[in-house]
Amino acid sequence: MRHWLSLPRNCVFLMIKIIAVGKKHDTDLTHAISSYQKRLKVPFDVDWVFLPNSPRTLEQARQSESEAIMKRLLPDNFVILLDERGDLLTSELFSGELQNQNIVVIIGGAYGVTDELRRRADSVVSLSKMVFPHQLVRLVLIEQIYRAQTIISGHPYHHT
């Protein structure tokens with residue numbers, strides 16, 4: 001994590017916490033995820049929190065995993081829940097979401113999240129109407145965070 005003293009005086013630090021249910025990054029995707037994360041510049045910083053899958057099934061797993069996620073949220077967090085039933089955003093609109101402070105992005109477990117956690121979310125976003133493996137979602141998410149940074153800074157990486 002970057003030290004706050006290294007930030008420019010007028011810079012707003014954009015700490016993004018990603019809470020993901022499941023194992024740590026798949027070894028086949030670790031390099032790609034790390035590559036995008038290393039490209040992030042001040043004020044962007046990403047912190048990954050991995051919560052274990054519940055050994056229970058269906059509703060019990062959803063409840064257990066959602067409770068574990070809720071325990072990690074603070075009242076002032078701006079919560080973005082990734083869900084295939086969420087809103088489809090352009091990269092530009094997603095970059096706008098990331099300009100909030102105290103951002104937490106949630107990647108729920110295989111059975112989704114509870115309605116209570118869904119209501120707690122400030123934004124429910126779909127990366128696609130298709131369903132992807134959670135490991136692949138992590139890669140797409142970190143690339144979109146990097147893309148958001150380039151959009152905000154006017155960098156040519158993002159071509160419209």
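All values reported here derive from a predicted model rather than from experimental measurement.

**Q** Tell me about the overall build of the protein, and please be specific about residues and values.
**A** Counting secondary structure elements, the protein contains five helices and five strands. Moving toward the C terminus, one meets the helices and strands of the protein in the order β-α-β-α-β-α-β-α-β-α. Each of the three principal axes of the protein carries a C-alpha extent, and together these read 45 × 30 × 30 Å. Expressed as a percentage of the 160 residues in the protein, the buried residues total 44%. Long-range contacts, defined here as pairs at least 24 residues apart, represent 85% of the contacts in the protein between residues at least 6 apart. Summing over all exposed atoms, the protein offers an accessible surface of approximately 9,300 Å²; the carbon and sulfur share of this is 53%. Of note, the protein has its 19 positive side-chain charges centred 5 Å away from the centre of its 17 negative side-chain charges.

**Q** Run through the side chain of Ser95, naming residues and quoting values.
**A** Locating Ser95 in the fold gives a position in helix H3 (residues 91–97). Residues in contact with Ser95, not counting those within four places in the same chain, are Ala148, Ile151 and Ile152.

**Q** A description of the sheet that holds strand S4 (residues 103–107) should follow, citing residues and the corresponding values.
**A** Spatial strand order, S2-S1-S4-S3-S5: five strands in an open sheet with parallel pairing. Only two strands of the sheet have a single partner each, and these edge strands are strand S2 (44–51) and strand S5 (123–126). Looking at each pair of strands side by side, their axes are set apart by 30 degrees on average, direction ignored. Relative to S4, strand S3 (residues 78–88) is paired through five bridges, and the arrangement is parallel. Within the sheet, the bridge partner assigned to Phe78 lies in S4 and is Ile103.

**Q** Please set out unusual backbone geometry residue by residue, giving values where relevant.
**A** Here the amide bond leading from Val42 into Pro43 is cis, since omega sits at 15 degrees, within 30 degrees of zero. In this structure, Pro43 sits in the loop between helix H1 (27–39) and S2.

**Q** Please set out the pairing of S3 residue by residue, giving values where relevant.
**A** Regarding the hand of the β-α-β motif, the stretch spanning S3, H3 and S4 is right-handed. Relative to S5, S3 runs parallel, the two being bridged by five bridges. Looking at S5, one finds that Asp87 is bridged to Val125.

**Q** Provide a residue-level description of the environment of Pro55, including the pertinent values.
**A** Take Pro55: it is sitting in the loop between S2 and helix H2 (58–70). Residue classification places Pro55 among the exposed residues on the basis of a relative accessible area of 82%. Taking the C-alpha atoms as reference, Pro55 lies 26 Å from Leu141; in sequence the two are 86 residues apart.

Here is what the cut-offs are and how they apply
- Each chain has its residues counted from 1, following the order in which its sequence is written.
- The model is predicted, so local features are restricted to residues of pLDDT at least 70 and side-chain atom pairs to those at 80 or more, both for listing and for counting; the totals for chains, interfaces and linings are taken over all residues.
- Excluded from the side-chain calculations are hydrogens and water; all other atoms, namely the structure's heavy atoms, are used.
- Only DSSP runs of H or I with at least four residues qualify as helices, and only runs of E with at least two residues qualify as strands; both kinds are numbered from the N terminus onward.
- Accessible area is worked out with a 1.4 Å probe on protein chains only. A residue is then buried under 20% of its type maximum, exposed over 50%, and partly exposed in between.
- Note on contacts: a residue pair qualifies if any of its non-hydrogen atoms lie within 4.5 Å across the two residues.
- Reported accessibility uses the Shrake-Rupley method at a 1.4 Å probe radius. Residues are deemed covered only where the shown protein chains occlude them.
- By the counting scheme adopted, Arg and Lys are positive, Glu and Asp are negative, and His together with the chain ends is not counted.
- By convention, the charge on Lys lies at NZ, on Arg at CZ, on Asp at CG and on Glu at CD.
- When DSSP finds two or more bridges between a pair of strands, those strands are recorded as paired.
- Between N-to-C directions, angles span 0 to 180 degrees; the directions come from axes that are lines fitted to C-alpha atoms, helices contributing only their stretch in contact.
- Whether a crossover is right-handed depends on one test, that the path from the first strand over the helix to the second runs clockwise when the strands point away from the viewer.

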